[in-house]
Amino acid sequence: MQMVCLTDFEEYAKEHLSKATWDYYAAGADECCTRDDNLLAYKRIRLRPRILRDVSVSDTRTTVQGTEISFPVGIAPTAFHCLAWHEGEVATARATEALNTCYITSTYSTCSVEEIVAAAPNGYRWFQLYVYRDRKLSEQMVHRVEALGYKALVLTVDVPYTGKRRNDIRNQFKLPPHLKVKNFDGVFQETAGPEEYGIPANTLDPSISWKDIYWLQSITRLPIIIKGILTKEDAELAVEHGVQGIIVSNHGGRQLDGGPASIDALPEIVDTVQGRIEVYVDGGIRTGSDVLKALALGAKCVFIGRPAVWGLAYKGEEGVREVLQILNDEFRLSMALSGCRNVAEINRNLIQFSKL
């Protein structure tokens, strides 16, 4: 079967993954309003294409944190890739290296950071970090990835507690015995008691606050990007605290249900930041025109979560490459049909908010 668009991969994954695995990846919090609105919000945005602009040559390249990537779509941090494909994150890393874009490796990987680097030594990677009650645990991870050549830290800030994902509760979701959160291999051996997504419950620190940004800056020289900002107030605070980037994100609708779609939160954050730091967005990107809309609203780059997992479920590394290639091709076409020859020509004049 020829895969033509990202929905084809979604349908394949839904058919071929176990119900518990599919439910885990698909889950949103509570009634999934925010998860679903992430998609619907893009459909409310209309483009204003310009014509007769000589689009015979087009260039999709951009830079993130000073590094050139081939097009403005990276892989967002998602957990447990081995649930979708036996090689897991190793396959994801190879695919993103092949397409020369950015891969944000999840703390909750089923391959270790060392295995990922060994599999794709020339890949451009950031590392997604949580702050734990045991700060030493976070600190050791930071030093590990810094030594391995990861180029930035992505601090996820929207999980003081895990959102209520109903199907995971109904399915009593647990990692199968042959898989584990590889980065913590051997760390939690003595811990008996309830487990949450592969590590002991209550490991995450709900007391995390802005002062932890200073703490993180004190232990690393890597750029710090905050993932999970949805308001202009927090965007301003992020800039004031000296971080290097923001990922506008609602965690794929998996945390607070009833918050804004990430693309709807993007404009006020871009307007507040005013180019002082880079702003990215994830959540709901399914087509090349979605990528174009996000860039027109001021995102430097977008990140995809679930579609990467669908690609893995379809055909491992090759599947992720196909997902990225389809988005790249669609983005290039949407750019040309809108009269843009390169990413510098994409701006808010392209956007018309429809009266839905």
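Heads up: the structure comes first, above all this text.
### A look at the environment of arginine 44
- On the secondary structure map, arginine 44 appears in helix 3 (residues 33–44).
- Separated by 309 residues in sequence, arginine 44 and phenylalanine 353 have C-alpha atoms that sit 6.9 Å apart.
- Among the polar contacts listed, one links the side chain of arginine 44 to the side chain of aspartate 264, at a separation of 2.9 Å.

### Side note on the nonpolar core
- Grouped together as the largest cluster of nonpolar side chains are 107 residues, with contacts concentrated most on Phe80, Tyr108, Leu216, Ile246, Leu266 and Ile346.
- With 13 residues, helix 12 (residues 306–338) is the single largest residue contributor to this core.
- Those residues in contact with phenylalanine 80 that lie beyond four places of it in its chain are Tyr24, Tyr25, Glu89, Tyr108, Thr110, Phe173, Leu175, Val181 and Tyr197.
- Counting residues in each nonpolar core, the second largest holds 14 residues, with Ile69, Cys102, Ile225 and Tyr280 among its members.

### Section: the environment of leucine 295
- For leucine 295, the location among the structural elements is in helix 11 (residues 288–296).
- Of the residues examined, leucine 295 reaches a relative accessible area of 8% and is grouped as buried.
- A C-alpha to C-alpha distance of 9.8 Å links leucine 295 and leucine 350, two positions 55 residues apart in sequence.
- Other than its neighbours up to four places away in sequence, leucine 295 contacts Pro72, Lys300, Cys301, Val302, Phe331, Val343 and Ile346.

### Some thoughts on the side chain of asparagine 250
- Of note, asparagine 250 is situated in the loop between strand 11 (245–248) and helix 10 (262–273).
- Here asparagine 250 falls in the buried class, since its relative accessible area comes to 4%.
- Polar contacts involving the side chain of asparagine 250 include one to the main-chain amide nitrogen of glycine 253, which spans 3.0 Å.
- Separated by 2.9 Å, the side chain of asparagine 250 and the backbone oxygen of proline 260 make a polar contact.

### With respect to the pattern of salt bridges
- Counting across every chain of the model gives 18 salt bridges.
- Here aspartate 205 ties to arginine 135 by a salt bridge, and the two come within 2.7 Å at their closest N and O atoms. Residue aspartate 205 is located in the loop between strand 9 (199–200) and helix 8 (211–219), and its partner arginine 135 is located in helix 6 (residues 135–147); the two are separated by 70 residues in the primary sequence.
- Among the charged side chains, a salt-bridge network with shared partners connects Asp37, Arg44 and Asp264.

### A closer look at empty space enclosed by the protein
- Within the structure shown, the criterion is met by 1 cavity of 30 Å³ or more.
- Put simply, the largest cavity is a space of about 60 Å³.
- Class assignment for the residues of the lining of the largest cavity results in 7 nonpolar, 1 polar and 2 charged.

### Observations concerning helix 3
- With 12 residues, helix 3 extends 16 Å between its outermost C-alpha atoms, agreeing within 8% with the 16 Å of an ideal straight helix rising 1.5 Å per residue.
- Taken together, the buried positions of helix 3 are Thr34, Asp37, Asn38, Ala41 and Tyr42. Seen end-on, helix 3 carries its buried residues on one side only, within an arc spanning 140°.
- On its buried side, helix 3 packs onto strand 1 (45–47), helix 10, strand 12 (278–282) and helix 11.

### Here's the deal with the layout of surface pockets
- Quantified by volume, the largest pocket comes out at close to 690 Å³.
- What lines the largest pocket is a set of 42 residues, and nearest its centre among them are Tyr24, Tyr130, Arg165, His251 and Arg254.
- Breaking the lining of the largest pocket down by element, the ones donating at least two residues are helix 2 (19–26), strand 9, strand 13 (301–304) and helix 12.
- No other element matches helix 12, which puts 3 residues into the lining of the largest pocket.
- Across the lining of the largest pocket, the residue classes tally to 21 nonpolar, 13 polar and 8 charged.

The rules behind each value
Residues numbered from 1 in each chain as written. Predicted model: local features only at pLDDT ≥ 70, side-chain atom pairs only at ≥ 80, totals over all residues. Heavy atoms only, no water. Helix = DSSP H or I, 4+ residues; strand = E, 2+ residues; numbered from the N terminus. Polar contact = N/O pair within 3.5 Å; in protein donor to acceptor, adjacent residues only side chain to side chain. Core = buried A, V, L, I, M, F, W, Y, C linked by side-chain atoms within 4.5 Å. Buried < 20%, exposed > 50% of the residue type's maximum accessible area, 1.4 Å probe, protein only. Contact = heavy atoms within 4.5 Å. Salt bridge = Lys/Arg side-chain N within 4 Å of Asp/Glu carboxyl O. 1 Å grid on protein atoms, 1.4 Å probe; cavity = no way out; pocket = protein on both sides within 12 Å on 5 of 7 lines; lining within 4 Å. Points joined across faces, edges and corners; volume = space filled by probe spheres on them. Nonpolar A, V, L, I, M, F, W, Y, C, P; charged D, E, K, R; others polar. Expected span 1.5 Å × (residues − 1). Arc of directions from axis to C-beta.

By themselves these figures say nothing about function.
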